[in-house]
Every structure is written in structure tokens, then in C-alpha cells.
Amino acid sequence: MTKLNPREIAVKILCEINDDQAYSNFSLQEHFSQYTHLNTLDKAFITEMVNGTVRHMSHIDYVINQFSITKTNKMKPLILSILRVGVYQILFMSKVPVSAACNEAVKIAKKRGLGGLSGFVNGVLRTIARNMNNISYPDRSKNPIEYICVKYSYPKWIIRYWLEYYSIDFIEELCSASNKNPQITVRCNLLRTNKDTLMELLAKENVKVSPGVFLPEAIHISQTSAINDLASFNQGLFQVQDESSMLVGHILDPKPGEKILDVCAAPGGKATHCGELMNNQGQIFARDIHEHKLTLIRNSAKRLGIEIITTELYDATILDKEKVCQMDRVMIDAPCSGLGIIRKKPDIKWKKSSKDIDELVSIQRKILSVCSQYVKPGGVLIYSTCTISEKENLENINWFIQNFDFDLDTVEPYIPETLYCDTSKKGYIQLFPNVHNCDGFFIARLKRKR
Ligand SMILES: C[S@@+](CC[C@H](N)C(=O)[O-])C[C@H]1O[C@@H](n2cnc3c(N)ncnc32)[C@H](O)[C@@H]1O
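Keep in mind it's a predicted model, so treat the numbers as computed, not measured.

*Asks:* Which residues make up the site of the ligand, and what are the values?
*Replies:* In the region of the ligand, 19 residues are neighbours, and G269, K270, D288, A316 and D333 sit closest. Contact distances for the ligand include 2.7 Å between a nitrogen atom and a side-chain N or O atom of D333. When the ligand is considered free in solution it has 600 Å² of accessible area, and contact with the protein chains removes 86% of it. In terms of residue class, the shell around the ligand is built from 10 nonpolar, four polar and five charged.

*Asks:* Go over the environment of L252, please, and point to the residues and values.
*Replies:* Note that L252 resides in helix 13 (residues 243-252). Along the backbone, L252 and Y137 are 115 residues apart, and their C-alpha atoms lie at a distance of 46 Å. Setting aside residues no more than four positions away along its own chain, L252 makes contact with I260, C274, R329, V330, M331, V380, I382 and R445.

*Asks:* Got a sec to walk through the packing of helix 4 (residues 57-67) against helix 5 (residues 77-92)? Specific residues and values, please.
*Replies:* Each pair of packed helices can be summarised by the angle the axes make with each other and by the distance between the axes. Their axes nearest at 10 Å, the elements helix 4 and helix 5 cross at an angle of 100°. The orientation of helix 4 with respect to helix 5, classified from their angle, is roughly perpendicular. When helix 4 is examined against helix 5, the residues M57, H59, I60, D61, V63 and I64 are found in contact with a partner set consisting of L80, L83, R84, V87, Y88, L91 and F92. In terms of residue class, the contact of helix 4 with helix 5 is built from 10 nonpolar, one polar and two charged.

*Asks:* Which residues make up the domain arrangement of the chain, and what values do they have?
*Replies:* Along its sequence, the chain is organised into domain 1 (6-130), domain 2 (144-178), domain 3 (184-240) and domain 4 (243-448). One C-alpha centre belongs to domain 1, the other to domain 2, and the line joining them spans 25 Å. Between domain 1 and domain 2, the residue contacts involve six residues of the former and seven residues of the latter. Between domain 1 and domain 2, roughly 420 Å² of surface is buried when both sides are summed, and carbon and sulfur atoms account for 48% of that area. It is R55, S58 and H59 that lose the most area in domain 1 upon contact with domain 2, and together they represent 74% of the buried surface on that side. Ranked by residue count, the leading element in the side of domain 1 that touches domain 2 is helix 4, at four residues. Per-class residue counts for the side of domain 1 that touches domain 2 are two nonpolar, three polar and one charged.

Rules and cut-offs
Residues numbered from 1 in each chain as written. Predicted model: local features only at pLDDT ≥ 70, side-chain atom pairs only at ≥ 80, totals over all residues. Heavy atoms only, no water. Near = heavy atom within 4 Å. Polar contact = N/O pair within 3.5 Å; in protein donor to acceptor, adjacent residues only side chain to side chain. Areas by Shrake-Rupley, 256 points an atom, 1.4 Å probe, with all protein chains shown as cover. Nonpolar A, V, L, I, M, F, W, Y, C, P; charged D, E, K, R; others polar. Helix = DSSP H or I, 4+ residues; strand = E, 2+ residues; numbered from the N terminus. Contact = heavy atoms within 4.5 Å. Axes fitted to C-alpha atoms, helices over the stretch in contact; angles between N-to-C directions. Parallel < 35°, antiparallel > 145°, perpendicular 65-115°, else oblique. Domains from an automatic or database assignment. Buried area = accessible area lost by both parts, 1.4 Å probe.

Written as C-alpha cells, this is what we have:
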């Protein structure tokens with residue numbers, strides 16, 4: 001296979017994301033396993049260029065359109081990707097010399113058979129570099145939606161949707177925080193080690209560590225090479241999981257010996273956390289609609305030494321009569337729009353639409369109405385999503401308690417006091433990247449009345 005340099009690979013991945021609807025994280029992983037000559041720094045550079053370009057896509061296009069006679073919607077896809085990666089380096093990567101960004105873009109155009117357009121690429125990039133301090137943006141005071149859409153690269157429908165519930169200042173903070181590179185958080189596997197020991201081990205493996213903010217088993221890590229290569233990972237001493245996601249396990253509060261059903265379980269972050277919280281005693285049924293994803297749950301459970309998880313291929317919208325009223329606790333970590341994890345998956349901004357939200361709400365309500373039947377009278381039901389979308393979150397829960405024999409139940413006994421808010425006593429919390437510096441999550445705790 002021809003060795004491509006990091007910029008060529010970034011352009012190739014961006015073409016796949018834009019033309020073939022590929023997801024950035026999958027496409028990055030695929031290319032990293034294909035191009036074995038890449039070292040850790042190359043991989044970090046490619047990841048930064050790809051995620052950064054996707055994150056700032058409409059801002060970049062806005063700037064290109066300000067300085068190019070040919071507009072982005074009339075450009076060949078390859079030229080557009082080359083320009084976008086070039087502009088990202090010029091505007092957002094201050095350590096990359098402008099000359100390198102321009103020259104390498106020109107080389108890629110020539111190498112990919114578009115030599116006739118290399119002068120155009122060079123001209124647009126150099127003009128933008130010369131004028132980067134004179135870019136005119138929409139006036140925030142006259143048109144705040146337009147301003148946020150351009151400055152933070154968001155589609156209008158998301159900003160308009162959030163405006164139904166939040167102030168424009170809050171939305172601007174949320175968009176800004178969602179454009180930052182997220183910290184990586186791992187969950188210490190308390191079945192095998194303790195937090196202090198794990199932090200020491202990770203430090204010996206040259207990983208920078210600091211304790212999490214909300215939960216005792218959480219550790220923030222940085223400056224690590226591939227996590228899968230760390231001995232501590234392969235020994236099952238930790239699992240990568242955001243603190244917001246760990247909170248779901250705590251709010252479910254599973255006890256050793258209980259029967260738990262996780263109806264949307266893959267890749268298994270919360271199911272394996274429950275196994276740890278239950279001290280490997282009891283039964284966890286971890287279901288998902290995708291067979292290949294069940295393998296991910298089994299692999300993590302094996303690595304972490306959790307023996308009480310049984311994986312099952314099952315569609316949560318279809319009633320399983322055998323499980324009705326059989327479960328002490330049921331977890332619905334529902335498929336959702338993912339607006340809370342844009343930091344980690346920036347392409348969500350461009351791949352979802354308002355129509356998707358309506359379709360998701362109908363699936364979520366179906367899953368709630370079917371899977372709530374598995375909870376024993378007096379048992380607990382958790383409904384969670386990784387989104388910031390009232391329709392998928394609180395409006396679903398209000399609909400559910402009006403139509404089913406469940407009450408909301410305070411989440412305060414299960415969360416740190418720093419997370420108490422005006423809804424936590426009522427039985428739910430919404431986390432935001434700009435407020436809590438973690439993924440945006442919604443978690444509701446419900447109890448079956450009879
Ligand atoms: C938010 S993810 C779950 C994450 C998981 N709980 C964890 O902590 O790792 C939602 C999952 O629901 C699954 N899913 C989507 N529709 C489903 C359905 N009708 N029945 C069961 N699983 C479904 C998806 O395949 C996806 O793995």
C-alpha cells in the first residue's frame with residue numbers, strides 16, 4: 001500500500017465523511033489500522049485535523065466563500081476537502097506554519113490528479129492566511145442565530161430548537177464548550193484494584209492522571225498513547241467512560257444478587273459498571289439490537305473480569321413476555337440524537353436533523369412503554385440519553401408518568417451534592433458540557449408503583 005502522509009490521510013478521511021456519510025471515529029480507526037507506518041504523533045495530528053475540520057466545518061466554509069470566487073457548493077469534493085483541511089490548519093492550528101499548510105495542500109491536489117486546480121488552492125489559502133484578522137462575521141446583536149451558526153459551526157435547526165428552552169447566551173456557551181477537545185475519563189475497576197493504585201500504575205505507563213470530579217472511581221487521563229496498548233487496560237483495571245455515563249450506574253444503584261436488565265446495552269459501559277457495583281454477584285441481562293455490538297460487551301466484561309453478564313440479541317421495542325415483572329431494575333439508555341456528545345463525535349452536528357428527533361421520540365416512547373413492563377412492582381427504571389433535547393428527555397418522561405404506573409424518584413441519594421439542582425429532588429438531572437465539563441446527559445429515576 002502506498003504510504004500517505006498525515007495531511008493526505010486527513011483529506012481522504014474527510015472525503016469519506018462528506019461523500020460516503022462515514023463516521024469520523026470509525027474512519028479514523030480504519031485508517032490507523034490500514035496505515036501501519038503512522039506513529040503516535042502522526043495519529044494525533046490526523047485526529048486533530050479531521051475532528052477539528054468537522055467541528056468547524058461551516059465556519060471554514062463561510063471563510064472560504066468570503067475569499068473564493070468559486071463557492072464551496074460548486075467545488076469538486078476533493079478540492080473542497082483539501083481547502084477545508086488547509087483552512088483549519090491556518091485558522092485553528094497556530095503551531096502549523098501557514099506555508100506548510102498551503103504548500104502541502106497544493107502537493108495533495110497535484111498528487112491526486114488535480115494539478116490544474118493547484119493554483120486555485122494556493123490562491124485561496126494564501127488569501128485567507130493574509131486576511132485571517134479581517135474576516136467579517138454576522139453581527140451578534142442583530143442576528144445572534146446566524147452569528148452562533150457561523151462562529152461555532154452549528155446547523156440552524158439545532159440553535160432554533162435549543163432556543164425553545166434555553167437563552168441565547170447559554171446556547172453560545174454550550175456550543176463553545178461542545179467544540180472543545182474532551183478530556184478522557186476512565187472508570188477504575190474496583191473489582192480488581194483501587195483508584196490510588198491505578199493512578200500510580202497509569203503514571204508509570206507515562207499517562208498523565210488526575211482524579212475525576214464527581215465520582216470516586218473516575219480518573220481523568222491525558223497524554224497517553226493508544227489506550228488499548230496500555231498494560232493496565234489489558235489487565236482489566238479500567239474502562240473508558242465519561243463521568244456523566246458513570247452517574248447512570250450510580251443512580252440505578254444496583255445491589256449484589258439482583259436481576260438487572262439493560263435493554264440498550266452496547267458497547268457495555270453501563271452494564272459492566274453495574275457488574276462492578278454489584279460486586280460480581282447477581283444477574284445482568286445486556287441486550288442490544290445489533291449482534292456485532294454484543295461482542296463488544298462480552299469482550300469488555302471478560303477483560304474486566306465480570307462474570308454475571310449475559311448478552312442477548314433483542315429488539316427493545318418488542319415485548320418479551322417471559323421477563324414481565326421479573327427485574328429488580330431496568331435500564332433504558334436509549335438511542336438518541338447525541339447532542340450531548342458533540343465534543344466526542346462532532347459529525348453529529350451534520351448528520352442529524354430535526355426530523356430525526358421526532359422519529360427518535362417515537363422509538364424512545366415505544367421502548368419506555370415495552371421495557372417498563374419488565375420492572376417488578378416497587379422496582380426501579382432508569383431512562384437516560386446522551387442528548388440535550390427536551391423532547392427526547394423531560395417531555396418523554398412527563399408523557400411516561402402520565403400514562404404508566406411509575407413515579408419519579410429523587411436522584412439525590414446517588415449523586416454528589418455538587419450536582420444537586422432544582423430537578424434532582426424531583427427525580428432527574430440534565431448535565432451540560434458547558435456547566436459540568438462532561439458529556440451532556442439526561443438521567444431520570446422512576447419507581448414502579450404496583
Ligand atoms: C446509547 S447506546 C447505549 C450505550 C450503552 N448503554 C453503554 O453504556 O455502553 C444505545 C444502544 O441502543 C441500541 N439500540 C438501538 N435501537 C435498539 C432497539 N430497538 N433495541 C435494542 N437496542 C437498540 C444501539 O445499537 C446502541 O448500542
